[in-house]
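# Coordinate inspection notes
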Amino acid sequence: FQFSIPTNLTPRQLRIVGIAYDASGIRSTSVAQTLTVVDSTLPTITISDPVDNSSFPLSGQVLVRARVQDASGIRSVTYRGFALRGDSATNRTVVDRFSPVTVTFPQPPAIAMPRDTTLVRFLTPIPGDNTSEVVFIVVSATDSLGNVAADTNRVTVGGPSVSLTNPVNGKQVA
């Protein structure tokens, strides 16, 4: 006898009992066995904003848009922006350039966790750092069973900040 576990079966414990009948209809059962179905599939994350290799002024916020998918449900999503400093031949230092943001979803049974969602958050720069450099924007997701995955885009932080001061917005000019 052979049984294949369906691929869409959510993680859980199953109790399996074998039942057999002989030619005269007499039934016999086996000792129950417990089988744990686990989900080892990582969440899928796709960052659509900011576009890879885009540039932002030093003091500007960065809008991050990411789609997160997972069959078992999404527990949390974290947004980070950091730079790697130091020579590649020596120890590199991870420097946070933006304050991290974490979104945690309500846990069942209060409400079902999302399985496919697009989240938009702004990363706010950490004040006092005026270094122009490549920053890694990382969105990581943890599913309901603790599987973790991440997607990364690179942006350049630095360069000019532009603002219009004249004419004043809405002013009519002759």
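Our subject is the structure listed above.
The model shown is predicted, which means the values in this text are computed figures rather than measured ones.

So, on to the side chain of Thr 142. Tracing the chain through its elements places Thr 142 in strand 11 (residues 133-143). Judged by relative accessible area, Thr 142 falls into the buried class, the value being 18%. In this structure, Thr 142 is in contact with Ile 74, Arg 75, Ser 76, Asn 147 and Val 148, ignoring residues within four places of it in sequence.

In terms of burial, strand 11 is largely enclosed, as nine of its 11 residues are buried. Here eight bridges tie strand 8 (residues 74-85) to strand 11, and the two strands are oriented antiparallel to one another. Residue Gly 81 lies in a different strand from strand 11, and its bridge partner there is Ile 137. As defined by bridge partners, strand 11 adjoins strand 12 (residues 148-157) across 10 bridges and the pair is classed as antiparallel. By the bridge assignment for strand 12, Val 138 is matched with Thr 152. Counting the residues between successive antiparallel strands, the hairpin from strand 11 to strand 12 contains four residues, one of them, Gly 146, with a positive phi of roughly 95°.

Judged by pairing direction, the sheet is mixed, and its five strands sit side by side in the order 6-12-11-8-9 without closing on themselves. Of all strands in the sheet, those with a lone pairing partner are strand 6 (54-56) and strand 9 (93-104), marking the two edges. Between one strand axis and the next, the sheet turns through 30° on average, direction left out of account.

A cis amide bond links Asp 49 with the next residue in sequence, Pro 50, at an omega value of 0°. The backbone of Asn 53 shows a phi angle near 70°, a positive value even though the residue is not glycine. When you line up the elements, Asn 53 lands in the loop between strand 5 (44-49) and strand 6. Here Asn 53 falls in the exposed class, since its relative accessible area comes to 56%.

With the rule as written, the count across this model stands at seven salt bridges. Measuring nitrogen to oxygen at the nearest pair gives 3.0 Å for the salt bridge that ties Arg 65 to Asp 49. With Arg 65 in strand 7 (residues 62-69) and Asp 49 in strand 5, the pair connects residues that are 16 residues apart, well separated along the chain. On the basis of relative accessibility, which here comes to 23%, the residue Asp 49 falls in the partly exposed class.

The rules behind these values
- Residues numbered from 1 in each chain as written.
- Predicted model: local features only at pLDDT ≥ 70, side-chain atom pairs only at ≥ 80, totals over all residues.
- Heavy atoms only, no water.
- Helix = DSSP H or I, 4+ residues; strand = E, 2+ residues; numbered from the N terminus.
- Buried < 20%, exposed > 50% of the residue type's maximum accessible area, 1.4 Å probe, protein only.
- Contact = heavy atoms within 4.5 Å.
- Pairing = 2+ DSSP bridges.
- Axes fitted to C-alpha atoms, helices over the stretch in contact; angles between N-to-C directions.
- Salt bridge = Lys/Arg side-chain N within 4 Å of Asp/Glu carboxyl O.

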